[in-house]
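Topology and contacts: notes
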Amino acid sequence: MTIDDTALAGLRATLAADDYAMEVRPHGPGVQVRISAGPEACADCLVPKPIMRSILHTALGVPEEAIELAYPGDETGAAAPAD
């Protein structure tokens, strides 16, 4: 699978405005997405994971259940399975 960075540009810009960064990489039939927080990150600015998966599904055309998503503070250090 190829990641369409153009489709993610707006989302990355929105996240960057609140000092977040997003890494997306292919993983099996889906993608792994890691959102990391910078030192000035707005603690309450991230939407709940189900909403973020929906946004990523729309941007990438990947089924929501195939999106592994990790937010800052997730204990595993790896992309967490779907909620």
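Since we're looking at a predicted model, the values are computed, not measured. (Residues numbered from 1 in each chain as written. Predicted model: local features only at pLDDT ≥ 70, side-chain atom pairs only at ≥ 80, totals over all residues. Heavy atoms only, no water.)

Now for the nonpolar core. Membership of the largest hydrophobic core comes to 19 residues, with the highest contact counts inside it found for Met22, Val33, Ile35 and Leu56. Of all the secondary-structure elements, those providing two or more residues to this core are α1 (5-17), β1 (20-27), β2 (30-37), α2 (49-60) and β3 (67-70). (Core = buried A, V, L, I, M, F, W, Y, C linked by side-chain atoms within 4.5 Å. Buried < 20%, exposed > 50% of the residue type's maximum accessible area, 1.4 Å probe, protein only. Helix = DSSP H or I, 4+ residues; strand = E, 2+ residues; numbered from the N terminus.)

Looking at the element boundaries, Gln32 is found in strand β2. Overall, Gln32 belongs to the buried group, its relative accessible area being 13%. A polar side-chain atom of Gln32 sits 2.8 Å from a polar atom in the side chain of Arg25. Polar side-chain contacts of Gln32 include one of 3.3 Å to the side chain of Glu68. (Polar contact = N/O pair within 3.5 Å; in protein donor to acceptor, adjacent residues only side chain to side chain.)

With that out of the way, let us pick up the packing of aromatic side chains. Per the counting criterion, the structure on display carries zero aromatic pairs. Note that Lys49 overlies the ring of Tyr71, its terminal NZ or CZ placed 5.7 Å from the centroid. (Phe/Tyr/Trp six-rings, centres within 6.5 Å; stacked < 30°, edge-to-face > 60°. Lys NZ or Arg CZ within 6 Å of the ring centre and 35° of its normal.)

The subject of this paragraph is the confidence of the model for the chain. For the chain, mean pLDDT is 88; residues scoring 70 or higher make up 89% of the total. Scored below 50 in pLDDT, residues 77-83 shows 20 contacts in the model against residues more than four places distant or in partner chains. (pLDDT = per-residue confidence, 0-100. Contact = heavy atoms within 4.5 Å.)

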